[in-house]
Amino acid sequence: MTGLQHPPHEQHMATPPGRGIFDPQLLDRCISCGFCLPACPTYAVSKDEGSSPRGRITLMRALETGRLDEDDPRLREESSFCLGCRACEPVCPAGVQYGDLLEEWRDHQWRGRHRPPLAQALMMVAERTPLLRMMGLVRRHARTAAVPVQTSLMLGCFERGLFPGVSRAVRTLLPDIAVPPQQGCCGALHAHNGESEKGRELARKLGEQLPGTIVTTAGGCAAHLAGVLGRDRVHELSEHLAKTGATPVGEVKIDGRRARVAIQDSCHLRNGLRVFAEPRALISAVADFVPVRGDESCCGSAGTYSLLRPRDSKRILAPKLDAYEAAGVDYVVTVNPGCQQQLHANLRRRESAIRAVHLADLLAAAAEGRPLTRGRRWRVPRVRFDLRRGSRRRGASGGTAGWSA
Amino acid sequence: MTLDRTLVAELEAIVGAKHVRTDPGDVEPYARDATPVFRAVPDAVVWPADTEQVAALLRLATERRVPVVPRGAGSNLCAATVPERGGIVLVLTRMDRILEISPGELLARVEAGVPTSVLADAAAAQGLLYAPDPGSRTVSTVGGNVATCAGGLRGLKYGVTRNYVLGTTAVLPTGEVISTGGRLWKDVAGYDLTRLLTGSEGTLGVLTELTVALLPMPATTNTGVAYFGSLAEAGRAVDAIIGDGIVPATLEFLDAKCIGAVEEYANLGLRLDAGALLLFGDDGPADVVDRNLGRIGEQCTISGALEVTLAEDVARSEALLTARRCSLPALSRLGTLTLLEDATVPRPRLAAMVDRIDEIADRYEVPMATFGHAGDGNLHPTCVVDQRDEAAIHRAHKAFGDVFAAAIEMDGTITGEHGVGAAKLPYLAARLGADQMALLRRIKAAFDPAGILNPGKLGS
Ligand SMILES: Cc1cc2nc3c(=O)[nH]c(=O)nc-3n(C[C@H](O)[C@H](O)[C@H](O)COP(=O)(O)OP(=O)(O)OC[C@H]3O[C@@H](n4cnc5c(N)ncnc54)[C@H](O)[C@@H]3O)c2cc1C
Ligand code: SF4
Ligand code: SF4
């Protein structure tokens, strides 16, 4: 038997060697099957392959082989339009580690002066531990003496200043946990903004400052830290409570009935560490948990995204807020400070009756039998960054600063 | 070729400037689909919003002799959407409305860009089943399914996409809008153009709207698994099952190499000492399903199965189906270039064909594993190599040439469900013969006199 005529225009050229921007092991994994398309929030709003995970990997490949150069406007645009939410990872049959690819992409694409100035500024603040300590001092986060212990709470760089109540709530739930005030940023901010080496360095340093198990109330930080320090050393709060067998006590009530509570997953907690059942179980223990369509997808906070791309951020959030309102819930629980800020600010803006509350706050309120306070107003003059002109404007009225770390 | 400025302006006038892209970074992602290796960059990408816009675009393209390649989700595996001659890629993803689901008439009307699983879910919400379920259903579009006549895991009992298309709205390359078929199960007025357009791979017209048949949702489904010492024994079991008068919804197989790869990837607790795995499933009223699965199990045992297990619950049943669905990704992890084919033979020759494939793979020294739809003889021999190893890729292509020849020799075909596209066009004449090839070209010319619609594919 002989084979059929070999195709004359056979294109079986082997892949040419690349420029070394990407780890070929990571980039070669993608089989272009397209399974990631329906999971991607930016594809959902654009319906354009170029704004999908598969399309972005095609663009990365074009960058790697030199078919497109780094100044290509679409390459620049997509490296920043991508939320970095990693919703494309759990659905990928080939196990493509998209988050790692995106870090390598931004390391190159956003190197030096190509980095958005705002991201640069935030990173500089986060690297300065004394500054972080000061913010926390003013806002009174929880603290204990720094004794070498098994388990300590990570305060988070911006979280300690923005949501100091969260660490206090954790102390209510875990009275024995140590909260040494001398601790820096975990470096997730850097890793997601084109400084992945610095991001790893900061994580290692934090690992030295907090020996033993690190408990964090920030899903995004948990995923980054676990990636550097090892999965075993890092527990996100809900995971820690589940692992230590802590049973939530009490109940959250509104007008004499159990509160109806939905969740907003933290992308990296869910897609990176695959933790999503734990917070749901905890909520169900103290309130009526309401699953809402899309509660697993990115809220548009996405690290610095809501600051760098406010319009896209809102476009991605809007249908989600509609869904929460349609479900008629009282609270949306968050497990990451960036999501907390994003939901809090935007629910307020649309004058919604729903409040965003961190999981720690919900559980502490249940345990103490106190009503949950209204989402707190962040009392500083609104600082608006106008990115196109690169200038800063001070808003006339008070409001919410668009922080998210 | 690059498009001249006035043409781009005319495209923009039809669909709006926002929906026309021509920059290199914007068109690069449309250079390929799910097919490995094949790649060609288009000159423009357009996203029409409705049938009228599609018609205006095609009229313009015919007038200017510019190639147009229709594209759904780009999940096809035969390079059917690779714009080999450049031109315009016409993407239907903006046309994604479900127009109607009619439980009374058991049908649905959708725009072409609706994802398959969105249609299936919407039907299920009304207690109805959209039966075609290609493995890619979460990604693929209904338009793409019809254009490729997609199959799936339920083909034996339920047939393929073709069996569910009642009517289409299609735009001819010259701009006329035609309606074929409709809401009727019986309609013999004229040639069956609905069937002709089904599987035409975007070479005869652009489908903009489809009317598809639905079924009542079966009450239950269940799954079981049987292990055999060899694929030949599994093949005998398949004959015995159907000989016993049972047509199960699902009858899938994995060879020993696939079992190994899947177990390594998904840890489902599969038996690694078996030569073949047969996955069977059925749906319907609970008592009928139970009885059928029991009889299938018996036939497997009689045919020499090492072990037969029925899924005790839905979760286990899903896990077993996962074993089949993840065959391709599991294999793909063994290397960096996964070449997948879908040669198909009459069911009784399945085992013989798998032996032939193994022999060919040995001869060309390429690793090849085979899984597929045992119920309908549709095989997926899969070859995993290193994408930088030119020699191995070359040997793999040679090996597939032999696989196709073997399939044809056994009264089979070069592709059961993935389609011809650019990837298998060179082998098509061997399957159809010169007369049919010439007829295909005449049909193509009747629809598309200027030859602008997906050139270099079917009908070329
Ligand atoms: C992991 C994986 C599993 C798969 N499993 C199966 C399976 O089980 N069974 C199976 O049959 N296939 C399978 N496929 C192949 C593929 O998903 C199908 O061929 C599917 O029907 C393609 O749909 P699409 O929307 O992606 O079409 P595309 O890939 O975009 O297009 C396919 C062809 O249809 C044409 N086309 C698309 N839309 C239109 C339109 N509106 N009008 C006219 N022409 C149009 C295109 O020009 C092209 O020729 C699988 C693919 C992958 C990656
Ligand atoms: S799902 Fe994974 S392998 Fe498939 S296209 Fe997306 S990233 Fe690539
Ligand atoms: S990280 Fe999120 S936004 Fe970026 S490609 Fe993946 S799914 Fe899309």
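Because the structure is a prediction, the values reported are computed rather than measured. (Residues numbered from 1 in each chain as written. Chains lettered and ligands numbered in written order. Predicted model: local features only at pLDDT ≥ 70, side-chain atom pairs only at ≥ 80, totals over all residues. Heavy atoms only, no water.)

### Structural notes on the overall build of chain A
Consideration 1: Secondary structure summary: chain A contains 19 helices and eleven strands in total.
Consideration 2: In chain A, buried positions account for 57% of the 405 residues.
Consideration 3: Considering only intrachain contacts with a sequence separation of at least 6, the fraction spanning at least 24 residues in chain A is 70%.
Consideration 4: Total accessible area on chain A stands at roughly 16900 Å², and carbon and sulfur atoms take up 53% of it. (Helix = DSSP H or I, 4+ residues; strand = E, 2+ residues; numbered from the N terminus. Buried < 20%, exposed > 50% of the residue type's maximum accessible area, 1.4 Å probe, protein only. Contact = heavy atoms within 4.5 Å. Areas by Shrake-Rupley, 256 points an atom, 1.4 Å probe, with all protein chains shown as cover.)

### Here we look at the site of ligand 2
Consideration 1: In the vicinity of ligand 2 lie 13 residues, with Cys30(A), Cys33(A), Gly34(A), Cys36(A) and Cys92(A) positioned nearest.
Consideration 2: Under a 2 Å grid-point criterion requiring more than half of the atoms, the pocket assigned to ligand 2 is the largest cavity. (Near = heavy atom within 4 Å. 1 Å grid on protein atoms, 1.4 Å probe; cavity = no way out; pocket = protein on both sides within 12 Å on 5 of 7 lines; lining within 4 Å. Sits in = over half its atoms within 2 Å of the grid points.)

### A look at the sheet that holds strand β17 (residues 368–373) of chain B
In a beta sheet, neighbouring strands pair by backbone hydrogen bonds and run either parallel or antiparallel.
Residue and element names in this part refer to chain B.
Consideration 1: Strand order in the open sheet made by the seven strands is β15-β12-β14-β13-β17-β18-β16, with antiparallel pairing throughout. Looking at the sheet topology across the chains shown, the edges are occupied by β15 (307–310) and β16 (337–340). Going across the sheet, the axis of each strand differs from the next one's by a mean of 15°, ignoring polarity.
Consideration 2: Pairing of strand β13 (residues 250–255) with strand β14 (residues 276–284), which is carried by six bridges, proceeds in the antiparallel orientation. Looking across to β14, one finds that Leu251 is bridged to Phe280.
Consideration 3: Each of β12 (220–228), β13 and β14 touches helix α8 (residues 231–243); the most contacted strand, β14, lies at about 20° to it.
Consideration 4: Along the sheet, helix α10 (residues 286–302) makes contact with β12, β14 and β15, crossing β14 at roughly 160°. (Pairing = 2+ DSSP bridges. Axes fitted to C-alpha atoms, helices over the stretch in contact; angles between N-to-C directions.)

### Things to note about the domain arrangement of chain B
Frequently, the measure chosen for interface size is the accessible area removed from exposure when the parts meet.
Residue and element names in this part refer to chain B.
Consideration 1: Segmentation of chain B into domains returns domain 1 (1–217 + 420–460), domain 2 (220–319) and domain 3 (334–419).
Consideration 2: Here the C-alpha centroids of domain 1 and domain 2 sit 35 Å apart.
Consideration 3: Listed as interface residues are six residues of domain 1 and, on the opposing side, nine residues of domain 2.
Consideration 4: Across the domain 1/domain 2 interface, buried area totals approximately 610 Å², and carbon plus sulfur atoms make up 54% of it.
Consideration 5: Our enumeration of links across domain 1 and domain 2 arrives at two salt bridges.
Consideration 6: At the junction of domain 1 with domain 2, the criterion picks out four residue pairs in polar contact (both at pLDDT 80 or more).
Consideration 7: Tallied by class, the residues present in the side of domain 1 that touches domain 2 amount to three nonpolar, one polar and two charged. (Domains from an automatic or database assignment. Buried area = accessible area lost by both parts, 1.4 Å probe. Salt bridge = Lys/Arg side-chain N within 4 Å of Asp/Glu carboxyl O. Polar contact = N/O pair within 3.5 Å; in protein donor to acceptor, adjacent residues only side chain to side chain. Nonpolar A, V, L, I, M, F, W, Y, C, P; charged D, E, K, R; others polar.)

### Overview of the side chain of His373(B)
Residues and elements named next belong to chain B.
Consideration 1: By secondary structure assignment, the location of His373 is in strand β17.
Consideration 2: A polar side-chain atom of His373 sits 2.9 Å from a polar atom in the side chain of Glu252.
Consideration 3: Polar contacts involving the side chain of His373 include one to the side chain of Arg324, which spans 3.5 Å.
Consideration 4: His373 has contacts with Gly152, Leu153, Leu251, Glu252, Phe253, Arg324, Asn378, His380 and Glu417, leaving out every residue within four places of it along the chain.

### Overview of the interface of chain A and chain B
Consideration 1: Contacts between chain A and chain B engage 45 residues on the former and 54 residues on the latter.
Consideration 2: With both chains or domains summed, chain A and chain B bury close to 4000 Å², and 54% of this area falls on carbon and sulfur atoms.
Consideration 3: Inspection of the region where chain A meets chain B yields 18 residue pairs in polar contact (both at pLDDT 80 or more).
Consideration 4: Put simply, the parts of the chain that give the side of chain A that touches chain B at least two residues each are α1 (24–28) and α3 (53–65) of chain A.
Consideration 5: Ranked by residues supplied to the side of chain A that touches chain B, first place goes to α3(A) with six residues.
Consideration 6: Across the side of chain A that touches chain B, the residue classes break down as 20 nonpolar, 14 polar and eleven charged.

### Concerning the nonpolar core
Consideration 1: With 65 residues, the main nonpolar core has Met154(A), Leu225(A), Val252(A), Val261(A), Tyr331(A) and Leu362(A) as its most contacted residues.
Consideration 2: Here this core gets seven residues from one element, more than from any other, and that element is helix α19 (residues 359–368) of chain A.
Consideration 3: In terms of domain composition, this core takes at least three residues from each of domain 2 (118–243) and domain 3 (253–368) of chain A.
Consideration 4: When sequence neighbours within four positions are dropped, the list of residues in contact with Val252(A) reads Arg257(A), Arg258(A), Ala259(A), Val286(A), Tyr331(A), Leu362(A), Ala366(A) and Leu372(A).
Consideration 5: Listed in part, the 53 residues of the second largest apolar core include Phe228(B), Cys383(B), Ala406(B) and Leu428(B). (Core = buried A, V, L, I, M, F, W, Y, C linked by side-chain atoms within 4.5 Å.)

### Structural notes on the pairing of β12(B)
All names here are of chain B.
Consideration 1: With seven of nine residues buried, β12 is to be regarded as a mostly interior element.
Consideration 2: With nine bridges connecting them, β12 and β14 associate as antiparallel partners. Residue pairing across strands places Val225 opposite Leu279, the latter belonging to β14.

### Details of the site of ligand 1
Consideration 1: Looking at ligand 1, there are 35 residues lining it, with Pro70(B), Gly72(B), Ser75(B), Ser136(B) and Thr141(B) nearest.
Consideration 2: More than one chain reaches ligand 1: the nearby residues come from chains A and B.
Consideration 3: Taking Gly135(B), its main chain carries an N or O atom lying 2.9 Å from an oxygen atom of ligand 1.
Consideration 4: With respect to ligand 1, the backbone of Glu201(B) contributes an N or O atom lying 2.9 Å from an oxygen atom.
Consideration 5: When ligand 1 sits alone it has 970 Å² of accessible area, and the protein chains cover 96% of it.
Consideration 6: Mapped onto the shell around ligand 1, the elements with two or more residues apiece are β3 (68–71), α5 (142–148) and β10 (206–213) of chain B.
Consideration 7: In terms of residue class, the shell around ligand 1 is built from 14 nonpolar, 18 polar and three charged.

### Some details on unusual backbone geometry
Consideration 1: Here Asp255(A), not a glycine, exhibits a phi torsion of approximately 50°, which is positive.
Consideration 2: Positive phi values are uncommon outside glycine, yet Asp411(B) reaches one of about 65°.
Consideration 3: For Asp411(B), the position within the fold is in the loop between α14 (390–409) and α15 (425–447).

### With respect to empty space enclosed by the protein
All names here are of chain A.
Consideration 1: Within this structure, the stated rule accounts for six cavities of 30 Å³ or more.
Consideration 2: Its boundaries defined by the atoms lining it, the largest cavity holds a volume of some 110 Å³.
Consideration 3: What lines the largest cavity is a set of 16 residues, and nearest its centre among them are Cys30, Cys36, Ile57, Cys92 and Val96.
Consideration 4: Its residues assigned to classes, the lining of the largest cavity comprises 13 nonpolar, two polar and one charged.
Consideration 5: Looking at the lining of the second largest cavity, the elements with two or more residues in it are α2 (41–46) and α3.
Consideration 6: The residue makeup of the lining of the second largest cavity, split by class, is nine nonpolar, two polar and two charged. (Points joined across faces, edges and corners; volume = space filled by probe spheres on them.)

### Thoughts on helix α15 (residues 277–286) of chain A
Consideration 1: All of the buried residues in α15(A) are Pro279(A), Arg280(A), Leu282(A), Ile283(A) and Val286(A). An end-on view of α15(A) places all buried positions within 160° of arc, on one side of the element. (Arc of directions from axis to C-beta.)

### Quick word on the UniProt feature "domain: FAD-binding PCMH-type" (unreviewed entry) in chain B
Consideration 1: Here, the residues flagged by UniProt with the feature "domain: FAD-binding PCMH-type" (unreviewed entry) are residues 38–217 of chain B.
Consideration 2: For residues 38–217 of chain B, the end-to-end C-alpha separation is 39 Å, with 22% helix and 25% strand making up the annotated structure. (UniProt positions renumbered as here; feature names shortened; annotations may be inferred.)

### Quick look at the pairing of β17(B)
All names here are of chain B.
Consideration 1: Of all the six residues making up β17, six are buried; the element is thus mostly covered by neighbouring parts of the structure.
Consideration 2: Across three bridges, the pairing between β13 and β17 is antiparallel. Paired with Phe253 across the two strands is Gly372, which belongs to β17.
Consideration 3: Examined bridge by bridge, β17 and strand β18 (residues 378–385) share six bridges and lie antiparallel to one another. Bridged to Gly372 within β18 is Leu379.
Consideration 4: The antiparallel hairpin formed by β17 and β18 contains four residues in its connecting segment, where Gly377 sits at a positive phi of about 70°.

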